[in-house]
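Listed here are the chains, written in short residue letters.
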Amino acid sequence: MAESLYWIGRYVERAEQTARHTEATFRHTLVMGSTAEADARRERHWIALLDIVGERAAFAPDGPPVDDQSVPERLIFSTANANSIVECIARARDNAHTMRHQMATEMWEALNRFHLDVQRPASRRVAAAGAEHMTRFCRSIVDFSQLLQGITDSTMPREEGWYFLQAGKFLERAEWTARTIDVNYRLLVGEHPEGGDRPALAEAWDLQPWGTLLRALSAYESYHRIQSRGVHPSAVVEVLTLSEVLPRSIRFSIGKVEAALAHISEEAPSYNGSEPMPGSSGESEARREVGRLHAEFAYQRLDDLLDRGIHESLLEIQRRCYRIGDLIEHEFFAHRPLTAQEAMV
């Protein structure tokens, strides 16, 4: 049950993030015009989206064109893409099906109903009818994710399963935010900005893409509540990376993962009298790794990221998130013998 909830959290968050970024890329590229230069810019933004979701290899030079038809098709409906939206929803639903009698009826019904809806051929035809319909479909994915989160918030006991769901969701979010900032930074500033990151951020003149980045991460309004000087590239990077109050920031997400693992390893045995899990506080490398990363965020400033390099810093964050995910799977799920109570379920 714990592993299923962990992956439900990851898959639903992955589907939502893919939908958010696809919709944002659509809206941003639609107003670029129809010149050859605009077409090249539009292609660069779709390539950046492919880099974020890890699907660049599917669009080889002799393969399908990188445009507003083939890329959304691959990211939303393709069954050949294990991380497409329909595949993520299907996998979340499959995990829920294995434990449907142990979860709230409302949670199962919402997930199952939406899975069946996105699988209908009619949904695919409507979404493919044009940019407006595609963006509406992406918005429906985001709405579903938020609905499911609301249902779980109001129905799930704050026990071990709940915290595994949170750990999966926020670890996935931290990885996505790090990749999104990294890819967009290199798209907007360049792979190796002349003079370093500081002058490149200070001299950035086109601020619209940075606003699009905030909207893609559902952070535009929150950013303006935190920052009073308007959209500025350095402030955008700082808030999305280091803010302790923005739910989409890397620091906030890592803090939630740390809190979830703390509850799992310290408090889970008290819920049902079971034996402590292998990842208990004294022996969990996953908890130590996420704790170290969160502690570093608590004392980091934007200057620290700039001194090391934005790309290098974000790449290291991604690597550490991958390691935390591997450790969670190894310590809490892989080859763990069932307790007597678990075996009776």
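The rules behind the values
Residues numbered from 1 in each chain as written. Predicted model: local features only at pLDDT ≥ 70, side-chain atom pairs only at ≥ 80, totals over all residues. Heavy atoms only, no water. Disulfide = S-S within 2.5 Å. Buried < 20%, exposed > 50% of the residue type's maximum accessible area, 1.4 Å probe, protein only. pLDDT = per-residue confidence, 0-100. Contact = heavy atoms within 4.5 Å. Phe/Tyr/Trp six-rings, centres within 6.5 Å; stacked < 30°, edge-to-face > 60°. Helix = DSSP H or I, 4+ residues; strand = E, 2+ residues; numbered from the N terminus. Lys NZ or Arg CZ within 6 Å of the ring centre and 35° of its normal. Salt bridge = Lys/Arg side-chain N within 4 Å of Asp/Glu carboxyl O. Core = buried A, V, L, I, M, F, W, Y, C linked by side-chain atoms within 4.5 Å. Expected span 1.5 Å × (residues − 1).

According to the stated counting rule, one finds 0 disulfides in the structure shown. Free of any disulfide, cysteine 321 has its nearest cysteine sulfur in cysteine 88, 17 Å distant. The class for cysteine 321 is buried, based on a relative accessible area of 0%.

Confidence in the prediction of the protein chain, expressed as mean pLDDT, is 88, and 92% of residues score 70 or more. Here residues 270-274 is a poorly scored stretch, pLDDT under 50, and it has 10 contacts once near neighbours within four places are set aside; other chains count. Low pLDDT (under 50) marks residues 336-345, which in the prediction has 10 contacts with non-local residues, meaning those over four places away or in another chain.

This brings us to the packing of aromatic side chains. The final tally for this structure, using the stated rule, is 9 aromatic pairs. With 5.4 Å between their ring centres and 55° between their planes, tyrosine 6 and phenylalanine 333 make a pair best called tilted. Highlighted residues: tyrosine 6 in helix 1 (residues 2-30) and phenylalanine 333 in helix 16 (residues 310-333), separated in sequence by 327 residues. No difference in accessibility class separates tyrosine 6 from phenylalanine 333, as the two residues are buried. Lying across the ring of tryptophan 162, arginine 158 places its NZ or CZ 3.8 Å from the centre.

All chains considered together, the criterion is met by 28 salt bridges. We note a salt bridge from glutamate 23 to arginine 139, for which the minimum N-O separation is 3.0 Å. Taken as a pair, glutamate 23 in helix 1 and arginine 139 in helix 7 (residues 131-155) lie far apart in primary sequence, 116 residues in all. Glutamate 23 sits in the buried class, given a relative accessible area of 7%. For arginine 139, a relative accessible area of 33% puts it in the partly exposed group. In this structure, the salt-bridge partner of arginine 120 is aspartate 117, at a minimum N-O distance of 2.8 Å. In this structure arginine 120 comes out as partly exposed when scored by relative accessible area, which is 41%. Take aspartate 117: its relative accessible area is 31%, and that puts it in the partly exposed class.

Okay, the environment of arginine 44 next. Relative to the helices and strands, arginine 44 is located in helix 2 (residues 36-53). Looking at arginine 44, the relative accessible area reads 43%, which means it is partly exposed. Put simply, arginine 44 and threonine 241 are 197 residues apart on the chain and 24 Å apart in space, counted from C-alpha to C-alpha.

It is worth spelling out the nonpolar core at this point. The biggest cluster of nonpolar side chains holds 100 residues, and the ones touching the most others in it are Met107, Leu240, Ile250 and Ile328. Considering each element in turn, this core owes the most residues, 13 residues, to helix 8 (residues 160-189). Excluding anything up to four places from it in sequence, leucine 240 contacts Thr177, Ile181, Leu213, Leu214, Leu217, Ala219, Leu246, Arg248, Ser249 and Ile250.

Compared with an ideal rise of 1.5 Å per residue, which puts 30 residues at 44 Å, helix 8 spans 43 Å between its outermost C-alpha atoms and is within 8% of the ideal. Of all 30 residues making up helix 8, 26 are buried, and the element is well covered by its neighbours. Phi for glycine 190, located one or two positions after helix 8, is positive at around 120°.

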